[in-house]
Amino acid sequence: TNRPVGVLVMSYGTPKSMDHIEAYYTHIRRGHPPTPEQLAELTARYEAIVGGVFPLRENTDRQAAGVQAQLDREHPGAYKVYQGLKHAEPFIEDGVKAMAADGIREAVGIVLAPHYSVMSVGSYIKRAREAAEAEGIQMAFVESYHLHPKLIEAIAVRLRSALARFGGPEEQRRVKVLFSAHSLPERILSMGDPYVDQLLATSRAAAEAAGVADWEFTWQSAGRTNEPWLGPDILDMLDRLAKEGVKAVLSAPIGFVSDHLEVLYDLDIEAKQFAAERGIRFERIDMLNDDPLYMETLAELAAEAAAGLP
Ligand code: FEC
């Protein structure tokens, strides 16, 4: 048929406005509303970040448009991109319904997060698959792309340009690069989840591509629940590094692709301040956002997945 293949681009989602923070937080907590204190604390974090209050929405919009543009260049008319968000409108299910309303019968799904965990990408895919089955849409999914050469190159370019902010080769050699990603509950380890290995593989490949010798991997943004989360947390790591005499850290949050709260607050405000109090200069690599290499990565993966449709 001449109908385009749908491309469901999935992302975390952010509130529409200050009034929607409570509904968003309740959705993240699987229907359990936050306490007034928790809500006030999250609202304060959104108010503190730079680049607008909810930059993730605009970044996701630009990424979806960038993937469409790249697919149009390579395969004119063959693909139509839709958005589906995990915790905000348009929800994943809304994106699938929009495809169905346009008469789409075949689609691929891809998440704006390169590393697979059953608790992250796995849950996006599960929801999209269920919605697609209900609408009679055939769907194939990209599960991970943590070692795609263009992704690694895009990260390496960012590592090199951020390192240059510290000075010449001599100063750059004294910088500790800290790769990081969103922590998850430790119980993913006993589930044979690939998340940790994939993150370490991306870190290793990007460090090698950028010529970075001194790096470590650390976790960030752990949830405040009673169960144990993957560590060490970045703040504990910074404390340890300060005691070891490290004076310069370059943060490389490779588990994320956009400017958003977990980067603009947890790293740029919280971790930077924590580091400064310990005499450490703390810089961060630029996020990918709609970088052309990242858009090419996503478009290639979508087209490959579409080729595998029955
Ligand atoms: O800018 C924004 O508005 C959204 C920023 C944002 C991104 C993001 C990405 C990930 N999360 C992941 C896992 C969890 C788990 C919990 C959890 C909780 C929150 C809360 C906020 C939040 N997350 Fe998020 N996450 C973002 C924002 N996240 C806000 C609630 C308050 C807080 O804990 O700070 C714990 C849920 C629970 O309580 O049960 C687990 C993972 C990612 C990266 C992959 C992806 O993008 O999907 C994993 C961006």
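As shown above, the structure is provided for reference.
Model, not experiment: these values are computed from the prediction. (Residues numbered from 1 in each chain as written. Predicted model: local features only at pLDDT ≥ 70, side-chain atom pairs only at ≥ 80, totals over all residues. Heavy atoms only, no water.)

**Student:** Tell me what's going on with the packing of aromatic side chains, and back it up with residues and numbers.
**Tutor:** In total, this model carries 5 aromatic pairs according to the counting rule given. Both rings, one in Phe179 and one in Trp215, keep their centres 5.5 Å apart while their planes meet at 80°; by these two values the pair is edge-to-face. Taken as a pair, Phe179 in strand 5 (residues 176-182) and Trp215 in strand 6 (residues 215-220) lie far apart in primary sequence, 36 residues in all. Under the relative-accessibility criterion, Phe179 is labelled buried at 0%. Through pairs of rings, three or more aromatic residues link up here, namely Tyr195, Phe217 and Trp219. Note that Arg29 overlies the ring of Tyr25, its terminal NZ or CZ placed 5.8 Å from the centroid. Here Arg278 stacks its cationic end above the ring of Phe274, 3.5 Å away from the centre of that ring. (Phe/Tyr/Trp six-rings, centres within 6.5 Å; stacked < 30°, edge-to-face > 60°. Helix = DSSP H or I, 4+ residues; strand = E, 2+ residues; numbered from the N terminus. Buried < 20%, exposed > 50% of the residue type's maximum accessible area, 1.4 Å probe, protein only. Lys NZ or Arg CZ within 6 Å of the ring centre and 35° of its normal.)

**Student:** Requested: an account of the environment of Val5, with residues and values cited.
**Tutor:** Residue position: Val5 is located in strand 1 (residues 5-11). In this structure the C-alpha to C-alpha distance between Val5 and Leu309, which are 304 residues apart in sequence, comes to 9.9 Å. Setting aside residues up to four positions removed in sequence, Val5 forms contacts with Ala78, Tyr79, Lys80, Ile104, Glu106, Ala107, Val108, Ala306 and Leu309. (Contact = heavy atoms within 4.5 Å.)

**Student:** Could you give an account of the site of the ligand, with specific residues and numbers?
**Tutor:** If you check the shell around the ligand, you find 21 residues, and the closest are Tyr12, Thr14, Arg45, Tyr46 and Tyr124. Taking Arg30, its side chain carries an N or O atom lying 3.0 Å from an oxygen atom of the ligand. Note that an oxygen atom of the ligand is positioned 2.6 Å from one of the side-chain N or O atoms of Tyr124. Broken down by secondary-structure element, the contributors of at least two residues to the shell around the ligand are helix 1 (21-28), helix 2 (36-48) and helix 10 (261-264). (Near = heavy atom within 4 Å. Polar contact = N/O pair within 3.5 Å; in protein donor to acceptor, adjacent residues only side chain to side chain.)

**Student:** Report on the sheet that holds strand 4 (residues 138-141), specifying residues and quantitative values.
**Tutor:** The parallel open sheet is built from 4 strands, whose spatial order is 2-1-3-4. Two strands bound the open sheet, and with one partner strand each, they are strand 2 (79-85) and strand 4. Sheet twist, expressed as the average angle between the axes of neighbouring strands with direction ignored, equals 25°. Note: strand 1 against strand 3 (residues 106-111), 5 bridges, orientation parallel. Bridging across to strand 3, Val9 finds its partner in Ile110. Across the sheet, helix 3 (residues 55-74) touches strand 1 and strand 2, and the angle it forms with strand 2 is around 160°. The sheet strands contacting helix 12 (residues 292-307) are strand 1, strand 2, strand 3 and strand 4, and the helix crosses strand 3 at an angle near 140°. (Pairing = 2+ DSSP bridges. Axes fitted to C-alpha atoms, helices over the stretch in contact; angles between N-to-C directions.)

So far we have only geometry, and geometry alone does not tell us how the molecule works.
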